[in-house]
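# A closer look at the structure
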Amino acid sequence: MPPARQHEIKDPIHGFIRLSQPERMLLDSGPVQRLRHIHQLAYSGYVYPGATHKRFEHSLGVMHLAGLAFDALVNNAERWGGAAALPAGLDLPYWRRVLRSAALLHDVGHLPFSHAAEDLLPEGQTHEDLSARLILSAFLDAPLAALEVRAEDVAQVAVGWPRGAQDDTASPQPPAGWLASLSSLVTGDAFGADRIDYLLRDAYHSGAVLGTFDAARLIDRLVLLRDQPIGDGQTGLSVGLHSSALQAAEALLTTRDALYEGLYFHPVRRIYDHHLGMFLRLALGTPLLPQGEIGGFSGNLERHLSLSDDEVFSAIRQANLDPRASGHRWARRLERREHFRLLYRSRQQEGAPLVREIAVAAREEFGPGQVVYDPVERRPGRLDFPLLARSGALSAQASSRLLRELPPVSAEYVFIAPEIRDQARLWLRDELKKASKKG
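Rules and cut-offs
- Residues numbered from 1 in each chain as written.
- Predicted model: local features only at pLDDT ≥ 70, side-chain atom pairs only at ≥ 80, totals over all residues.
- Heavy atoms only, no water.
- Pairing = 2+ DSSP bridges.
- Helix = DSSP H or I, 4+ residues; strand = E, 2+ residues; numbered from the N terminus.
- Core = buried A, V, L, I, M, F, W, Y, C linked by side-chain atoms within 4.5 Å.
- Buried < 20%, exposed > 50% of the residue type's maximum accessible area, 1.4 Å probe, protein only.
- Contact = heavy atoms within 4.5 Å.
- Phe/Tyr/Trp six-rings, centres within 6.5 Å; stacked < 30°, edge-to-face > 60°.
- Lys NZ or Arg CZ within 6 Å of the ring centre and 35° of its normal.

In this section: the pairing of strand E8 (residues 392–395). With 4 bridges joining them, strand E7 (residues 386–389) and E8 adopt antiparallel strand pairing. Across the sheet, residue leucine 388 finds its bridge partner in E8, namely alanine 393.

Quick look at the nonpolar core now. The biggest cluster of nonpolar side chains holds 137 residues, and the ones touching the most others in it are Leu144, Phe279, Leu280 and Phe385. The leading source of residues in this core is helix H3 (residues 55–80), at 10 residues. Beyond its immediate chain neighbours, meaning those up to four positions away, leucine 144 contacts Leu26, Ser101, Leu105, Ile135, Val149, Ala151 and Val154.

Attention now moves to the packing of aromatic side chains. Following the criterion strictly, the structure yields 16 aromatic pairs and no others. A centroid spacing of 6.5 Å and a plane angle of 75° characterise the contact between phenylalanine 70 and tryptophan 178, whose relative ring orientation is edge-to-face. Here the residue phenylalanine 70 occupies a position in helix H3, and tryptophan 178 occupies one in helix H8 (residues 178–187), the gap between them amounting to 108 residues. No difference in accessibility class separates phenylalanine 70 from tryptophan 178, as the two residues are buried. Relative to tyrosine 264, the ring of tyrosine 198 has its centre 6.1 Å away and its plane inclined at 75°; by these criteria the two rings are edge-to-face. Taken as a pair, tyrosine 198 in helix H9 (residues 193–206) and tyrosine 264 in helix H11 (residues 246–264) lie far apart in primary sequence, 66 residues in all. Residues tyrosine 198 and tyrosine 264 agree in their burial class; the two are buried. Taken together, the ring pairs connect Tyr43, Tyr46, Phe113, Tyr272 and Phe313 into an aromatic cluster. Sitting above the plane of the phenylalanine 56 ring, arginine 36 keeps its charged end 3.9 Å from the centroid.

Encoded structure:
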């Protein structure tokens, strides 16, 4: 028989990414191709002009890395054995196809401009819910059938659907912790392919961080460990790391914190997210953006697939030119760079007033429509995972002071309308003087 056809895509981060013919069918599906029109970092390109990459290439990178991570688990089971040995009876080619499919599809539920306006979904819904529903929908039936994978397995690995549950219809039933372990290869905090790719890709395109981390070593030292705590008093399989790659994991976390500080929490990026959200609240469900519902996104899959950054950009341009259009005020601020300016941000020094107090006082002084208070926190501080050492499996925190003492990444901002910026700065100077005297 002739060899199976392979496709190659050149990527600036990972080099050549290779796909099988059925994977190419999945790549060419409507939900995945839509990601060509979803910016990875929303309006960050207005701060770092190179940061205009899309969710499409990110998803390709996650698929590539997830496949490498799976291969590392298999190879390291032979290399180290013992606690890292794979359970018997697993159909490894099947689960590798599931994992790569899940990695490619994990972001298909993202809204226009990714995270910037996710709070406009119906209450209780997230982009992960939309991803799971799309994976289980008829939109992806044909390519998943060509890959000979169960949509339920792909959804479980991609976004943990159904959350916290094992699918009793799977035959044979995978070992306890297996599906969660595969899911962690995609979404895990310490070494998930999603996190590894977006940190490398965002640093590359933005230039916000000069140094990165050794992703190749991090992936090469992944191990699947048995008899690990998996919740509810149970033990099972869990992905960990060989102790020889602990420094690579620490470097990943250091890079992550640097990107949060310099890119994800950049104040101009944050205020553009706010202005975009305000525009969408007013424009969705109107003739400008009829794909949504009044005040938000509908959660309807067909409408979701028909709406991307392109339609929103077009609506913003139209609204900017028409003072009567819904959301004109916010469209004008986005298009003409008349965004609110930073007035005050969180300070660490002793005696500094709380940012919320500054925001409340500023609203009383200038009016609520002239002030934006933006508190943001994106992750917990402490992080732990199993570490395979010579003495056996142990907690990574036991070997890493950085992991034990890692603080949360957070920020608080007060923004002011640019028309009154100078007046507000004079007012703030007086307020800070009063606060220092009280301290």
